[in-house]
Each structure stands twice: as C-alpha cells, then as structure tokens.
Amino acid sequence: MAERSAPSRERIVAGAADMISRRGLSATSIREMAKHAKAPLGSTYHYFPEGKQQLAAEAVRHTGEWVARRLRKELEAGPAAGLSAFLDLWRRVVVESDFHAGCPVLAVAIEEPPADEVPPTLAAAAEVFEQWETLLAASLREHGAEAGQAAQLATLVVAAVEGTVAMCRAKRSTQPLDHAAEQLQALIAVTVGN
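Residues take numbers from 1 onward in each chain, read along the sequence in its written order. Local features in a predicted model are, by the rule used here, given only for residues with pLDDT of at least 70; side-chain atom pairs are given and counted only at 80 or more, and totals for whole chains, interfaces and linings are based on all residues. The side-chain numbers reported here are obtained from all heavy atoms of the structure, hydrogens and water having been left aside.

Caption draft 1: Structural detail: the overall build of the chain. Every helix listed is a DSSP run of H or I at least four residues long, and every strand listed is a run of E at least two residues long, numbered separately from the N terminus. Across its full length, the chain holds ten helices and zero strands. What you see in the chain, going N to C, is helices and strands ordered as α-α-α-α-α-α-α-α-α-α. The globule rule is 2.2 Å times the number of residues to the power 0.38, and the radius of gyration it is compared with is taken over C-alpha atoms. On C-alpha atoms alone, the chain measures out to a radius of gyration of 18 Å, which is about the 16 Å that the 2.2 N^0.38 rule sets for 194 residues. Taking the principal axes of the C-alpha coordinates as reference, the chain spans close to 55 × 45 × 30 Å. The 194 residues of the chain split such that 45% are buried. We call two residues in contact when some of their heavy atoms are within 4.5 Å. A fraction of 68% describes how many contacts in the chain between residues 6 or more apart in sequence connect residues 24 or more apart. When accessible area is computed with a 1.4 Å probe and restricted to protein chains, residues below 20% of their type maximum are described as buried, those above 50% as exposed, and intermediate ones as partly exposed.

Dropping the structure here:
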C-alpha cells in the first residue's frame, strides 16, 4: 500500500514539464518541481540522483514523446492533419493555462547554457525538435514533397509553431496561432500539390 501512495516517476516528470512550461528552467528549482508534482524531495532525488538537469531533461523528453505520439497518429491522415493536431495541442496548452504555460522544450532551448558546456536539457531539446521535424518531413515526403523541401518545411513548421506559442503567451491571444495555421496549411497544400 505504501508503494501505491508514493509518487510515480512519471508524475514527477510531468509535473516538472508543466512547471518549466510556466516558469522556465532557471526560475525553477528541483524543490519547486517536486512540490508542484506533490512529491517529496527525497523521492525526486531517488528517481533523479543527478538533480535538476536530469529531471528537466526527462521532462523535455516526456513532452517530446507526448507531442510525437499525437503527431504520429494524426500524420496517418497526412501532413495537413498533423499540422492541425500540432497547432491544436499547443492552442489547448496556452488557453487552458490562461496563457501562463507554453512549451517546456522551447523554454529550456532559449536559456543561456554555461560556457563551453551543452547541458542535458539543451541536448534533450535538440533531440525533441529533431524528432518532430523528422515526423513532419516523413509525412510530407509520403505525400509527394521532395526530400529537401520536406525537411525545410518541417523545420519551418516546428519553428513557426514554437514561436507562435511564445507570441500567444505574450499577447494573451491565440491570434498568432490562427495566422500561422492559415499560412502553414497553404504552404503544405502547395508543397504536396493539393
């Protein structure tokens, strides 16, 4: 019974991702991440003995896989459906948090790393962005786009969506997502010949 009430590793990771999406990495301590996940600090260090960077890197990967699962499913219907799902997912995040949360992957990617060091969080963010780009590019190729063009458009989609999420938080409006959606859907249609 005691084991069942103990916080799960996954709950701690999800809580850390949520906290980072709201406050960024530098403004968030491991103690605050544990508290946000309703986990004892000791349990947090048990699961993440290397501390904040290890937990944050796992939170970034957790978010990456959460988004990738949705993308894989929706991309089965094509790149336009995948883009719609990607946009809807982030729209839901910003609206349901009253514009207080964004993407934890972007949050760690924009923070200044220590000199001459690539922290685990930054490496994890790079892996996640690459994963999302790869999924989108594969769908674009499957639907007729040339490989180079598919890769470039996938990068543009990820960059545009991540940027508009930040703009939505700043403007407290989903208008940036709406504008990006319209233009990105048009680019996809032209690229795959629809």
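Caption draft 2: Up close: the packing of aromatic side chains. Within 6.5 Å between ring centres, the rings of Phe, Tyr and Trp (the latter by its six-membered ring) count as paired, and their orientation is classed by plane angle as stacked under 30 degrees, edge-to-face over 60, tilted in between. For the structure on display, the rule yields five aromatic pairs. Aromatic rings pair up to connect Trp66, Phe86, Trp90, Phe129 and Trp132 into one cluster.

Caption draft 3: Expanded view of helix H2 (residues 9-23). Multiplying 1.5 Å by the residue count of a helix minus one yields the expected span of that helix. With 15 residues, H2 extends 21 Å from end C-alpha to end C-alpha; this agrees with the ideal 21 Å at 1.5 Å per step. Every buried residue of H2 is listed here: Ile12, Val13, Gly15, Ala16, Ala17, Met19, Ile20 and Ser21. Where H2 is buried, its residues contact helix H3 (30-36), helix H4 (41-47), helix H5 (52-75), helix H7 (104-109) and helix H9 (147-171).

Caption draft 4: Structural detail: the packing of H5 against helix H8 (residues 120-142). Helix axes use the C-alpha atoms of the stretch in contact, all axes being lines fitted to C-alpha atoms, and the angles between their N-to-C directions lie in the range 0 to 180 degrees. One can describe the packing of H5 onto H8 by two numbers: an axis separation of 8 Å at closest approach and a directional angle of 5°. Put simply, H5 runs roughly parallel to H8. The class makeup of the residues in the contact of H5 with H8 is 14 nonpolar, six polar and four charged. Here the angle decides the label: under 35 degrees means roughly parallel, over 145 means roughly antiparallel, 65 to 115 means roughly perpendicular, and every other value means oblique. Following the grouping adopted for this structure description, the nonpolar residues are Ala, Val, Leu, Ile, Met, Phe, Trp, Tyr, Cys and Pro, the charged ones are Asp, Glu, Lys and Arg, and the polar ones are all others, Gly among them.

Caption draft 5: Structural detail: the environment of His46. In this structure, His46 sits in helix H4. Residue His46 is classed as exposed on the basis of its relative accessible area of 62%. Sequence separation of His46 and Arg9 is 37 residues, and the distance between their C-alpha atoms is 9.4 Å.

Caption draft 6: How the structure looks around unusual backbone geometry. We note that Lys38 has phi near 55°; this positive angle belongs to a residue other than glycine. Here Lys38 lies in the loop between H3 and H4. Phi angles above zero are rare outside glycine, and Phe99 is one such case at about 70°. Take Phe99: it is sitting in the loop between helix H6 (79-96) and H7. Residue Phe99 is classed as buried on the basis of its relative accessible area of 14%.

Caption draft 7: Expanded view of the pattern of salt bridges. Any carboxyl oxygen of Asp or Glu within 4 Å of a side-chain nitrogen of Lys or Arg constitutes a salt bridge here. Tallied over the entire structure, the rule returns nine salt bridges. A salt bridge links Arg61 to Glu58, with the nearest nitrogen and oxygen atoms 3.7 Å apart. Linking Arg61 with Glu58, this pair stays in helix H5, spanning three residues, or about one helical turn. Given the relative accessible area of 32%, Arg61 is considered partly exposed. Looking at Glu58, the relative accessible area reads 25%, which means it is partly exposed.

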